[in-house]
Amino acid sequence: MCLNSTMQKEQVDIILLHKYFRCETSQSEELAIIHWLSNDPDGSHAKEYKDARALFEGLVLYSDGIRPVAGKSSVFKKTIFRVIKFAAAAAIIAAVWFVGRNALFNELSNEVETIKVPAGKSMNMALADGTCIWLNSGTEIDIPVVFSNKVRKVRLKSGEVLFDVKKAASRPFVVDTYAGDITVLGTKFNVSVEEDRGYFSTALLEGSVKVNTKDNQRLEFVMSPNESLTKYNDVWSKETISNSESVICWTHGLVNIAGLSFEDILRKLEKTFDIEIVVDREDMPEIGLSRGKIRTSDGIEHALQVLAMASDFKYEIDADSTVVYIR
């Protein structure tokens, strides 16, 4: 708070606060004052602020700039003049506080908290704006300390997230991924990202979203409910979802394996059960399931038994249950 070491703390506080009330502070000084007010465990800073404000208003109301008006209505006119000056002072204080608060919000919106969900785990949480998110195992996402006043933006680095966005027309919600930005106002959608595989997928359940790609194609997709958009090997495709529940069944402890290759199923099982799967054979087993879900609570061995009934392979789980061998 002290910006001048040659002056006493009390003098600096009063001088800086009065400068703040006159709307003459720089942005850095405004931020310093707001930080000072927010770091006030015993309430002393708030009291100093109120005292300085009262003193400032008194100086404004009773300054030498107020000239008596002659005549019978001089007292009335002087009172009106004081009220006007008081209102002006209050408006200045409110305006400066609003500008300072916005500056603080913008500063804090650049600071992010990284959330990493361990393999084998999942979680859900509510964001500050009321948006609810469900994070699948192995997910990594950056969320700002506070959302800015213009946009609510998160960055999904990897993994899978279901978003149920709180509607706010003046502040769109943006999910930033390596493949593109997803922009919404209020809606429910699922996003899955695996940058190392060049994979991106989003499925819209409710509302409307717009996707702007970041590749050389610079495409824009506007999606309607029960549509999915997928990028794989630099090819974008939009399809209709026949069963939206299969998209978000992971939030209910289920792994959807319908239509996936054996390799993709193994990747899902590794994340879900926090294990390593080694394919100890020359070729990858073939599998073709048009439908099917595995309940995670039944464990990895049950999952492997289900797969073994639909494909030609044998498996072995090591003693510590951390490595599975496919043979």
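All of these numbers come straight from a predicted model, not from anything done at the bench.

Draft legend 1. The overall build of the protein chain, seen in detail. On a plain count of helices and strands, the protein chain comes out with seven helices and 18 strands. Scored against the burial criterion, the 327 residues of the protein chain give a buried share of 39%. Put simply, 48% of the contacts in the protein chain that link residues at least 6 apart link residues at least 24 apart. With an accessible surface of roughly 18,300 Å², the protein chain has 51% of that area assigned to carbon and sulfur atoms.

Draft legend 2. A look at the nonpolar core. Grouped together as the largest cluster of nonpolar side chains are 30 residues, with contacts concentrated most on F163, F173, I182 and F189. It is strand β5 (residues 152-164) that provides the largest number of residues to this core, a total of four residues. Here F173 is in contact with L127, D129, T131, F147, R152, V154, F163, V165, I182, T183 and V184, once residues within four sequence places are set aside. Counting 18 residues, the second-largest nonpolar core is a separate cluster that includes L266, F273, L304 and V324.

Draft legend 3. Here's a closer look at the sheet that holds strand β15 (residues 276-279). With mixed pairing, three strands are arranged side by side in an open sheet as β15-β18-β17. This sheet does not close on itself; its edge strands, each paired only once, are β15 and β17 (315-317). Pairs of neighbouring strands in the sheet enclose a mean axial angle of 20 degrees, with direction left out of account. Note: β17 against strand β18 (residues 323-326), three bridges, orientation antiparallel.

Draft legend 4. How the structure looks around the environment of L269. Assignment of secondary structure puts L269 in helix α6 (residues 262-273). Residue classification places L269 among the buried positions, given a relative accessible area of 0%. Sequence separation between L269 and I294 is 25 residues; the distance between their C-alpha atoms is 9.7 Å. Filtering out sequence-adjacent residues up to four positions away, L269 remains in contact with D274, I275, I277, I300, A303 and L307.

Draft legend 5. Representation of the side chain of S246. Tracing the chain through its elements places S246 in helix α5 (residues 244-247). Residue classification places S246 among the buried residues on the basis of a relative accessible area of 18%. Engagement of the side chain of S246 in a polar contact is seen with the backbone oxygen of N243, the distance being 2.6 Å. With near-sequence residues (within four places) excluded, S246 lies in contact with N256 and K293.

Draft legend 6. Quick look at the confidence of the model for the protein chain. Confidence along the protein chain averages 79 in pLDDT terms, with 76% of residues attaining 70 or more. Averaged pLDDT values over the elements of the protein chain bottom out at 53 in helix α4 (residues 74-108) and peak at 96 in strand β6 (residues 173-176). Counting interchain partners and residues more than four positions distant, the pLDDT-below-50 stretch residues 1-12 has 14 contacts.

Draft legend 7. Fine view of helix α7 (residues 300-310). By the burial criterion, the buried members of α7 are I300, A303, L304 and L307. Buried positions in α7, seen along its axis, are confined to an arc of 95 degrees and lie on one side of it. Those residues of α7 that are buried are in contact with α6, β16 (293-295), β17 and β18.

Draft legend 8. Geometry of the pattern of salt bridges. For the coordinates displayed, the defined rule picks out 15 salt bridges. One salt bridge in this structure joins D176 and K214, with 2.3 Å as the shortest N-O distance. With D176 in strand β6 and K214 in the loop between β10 (209-213) and β11 (220-223), this residue pair connects regions lying 38 residues apart in the sequence. According to the relative accessible area criterion, K214 is partly exposed, its value standing at 32%.

Draft legend 9. Summary view of unusual backbone geometry. With phi around 50 degrees, R218 is a residue other than glycine that occupies positive phi space. Within the fold, R218 resides in the loop between β10 and β11. You can call R218 exposed: its relative accessible area is 60%. Positive phi outside glycine occurs at D274, with the angle close to 55 degrees.

Draft legend 10. Broad picture of the packing of α6 against α7. Packing of α6 against α7 leaves a shortest axis separation of 11 Å and a crossing angle of 165 degrees. Put simply, α6 runs roughly antiparallel to α7. For the crossing formed where α6 meets α7, the hand is right-handed. Contacts between α6 and α7 involve I265, L269 and F273 on the former and, on the latter, I300, A303 and L307. Tallied by class, residues from the contact of α6 with α7 come to six nonpolar, no polar and no charged.

Draft legend 11. Representation of the packing of aromatic side chains in the model. Within this structure, the stated rule accounts for seven aromatic pairs. For the pair F163 and F189, a centre-to-centre distance of 5.1 Å together with 15 degrees between the ring planes defines the contact as stacked. One end of the pair, F163, is in strand β5; the other, F189, is in strand β8 (residues 188-194), with 26 residues separating them in the sequence. In this pair, the class of F163 matches that of F189, namely buried.

Definitions and cut-offs
- Counting from 1, residues in each chain are numbered in the order their sequence is written.
- Local features in a predicted model are, by the rule used here, given only for residues with pLDDT of at least 70; side-chain atom pairs are given and counted only at 80 or more, and totals for whole chains, interfaces and linings are based on all residues.
- Computation of side-chain values covers all heavy atoms of the structure but excludes hydrogens and water.
- Secondary structure follows DSSP: runs of H or I at least 4 residues long count as helices, runs of E at least 2 residues long count as strands, and numbering of each begins at the N terminus.
- Exposure classes here rest on a 1.4 Å probe applied to the protein chains alone. A residue is buried below 20% of its type maximum, exposed above 50%, and partly exposed in between.
- What makes two residues a contact is simply this: any of their non-hydrogen atoms within 4.5 Å.
- Per-residue and other accessible areas were derived by the Shrake-Rupley procedure at a 1.4 Å probe size, with only the shown protein chains allowed to occlude residues.
- Think of a nonpolar core as a cluster: buried Ala, Val, Leu, Ile, Met, Phe, Trp, Tyr and Cys residues, connected wherever their side-chain atoms sit within 4.5 Å.
- By this definition, two strands are paired if DSSP reports at least two bridges between them.
- Helix axes are fitted to C-alpha atoms over the stretch in contact, other axes to C-alpha atoms as well, and angles between N-to-C directions run from 0 to 180 degrees.
- N or O atoms within 3.5 Å of each other form a polar contact, as long as, within protein, one can give a hydrogen and the other can take it, and as long as residues adjacent in sequence are counted only when both atoms are side-chain atoms.
- Values of pLDDT, ranging from 0 to 100, describe the predictor's confidence in every residue of the model.
- Arc definition: it is the arc formed by the directions from the helix axis to the C-beta atoms.
- Salt-bridge detection follows one rule: a side-chain nitrogen of Lys or Arg within 4 Å of a carboxyl oxygen of Asp or Glu.
- Note on terminology: angles under 35 degrees are roughly parallel, angles over 145 are roughly antiparallel, angles of 65 to 115 are roughly perpendicular, and the others are oblique.
- The sense of a crossing depends on the near helix, which, turned anticlockwise from the far helix by less than a right angle, makes the crossing left-handed and, turned clockwise, makes it right-handed.
- Under the convention adopted here, Pro, Cys and the residues Ala, Val, Leu, Ile, Met, Phe, Trp and Tyr are nonpolar, Asp, Glu, Lys and Arg are charged, and Gly plus all remaining residues are polar.
- Stacked, tilted and edge-to-face pairs are distinguished by plane angle, under 30 degrees for stacked and over 60 for edge-to-face with tilted covering the rest, among Phe, Tyr and Trp rings (Trp via its six-membered ring) whose centres lie within 6.5 Å.

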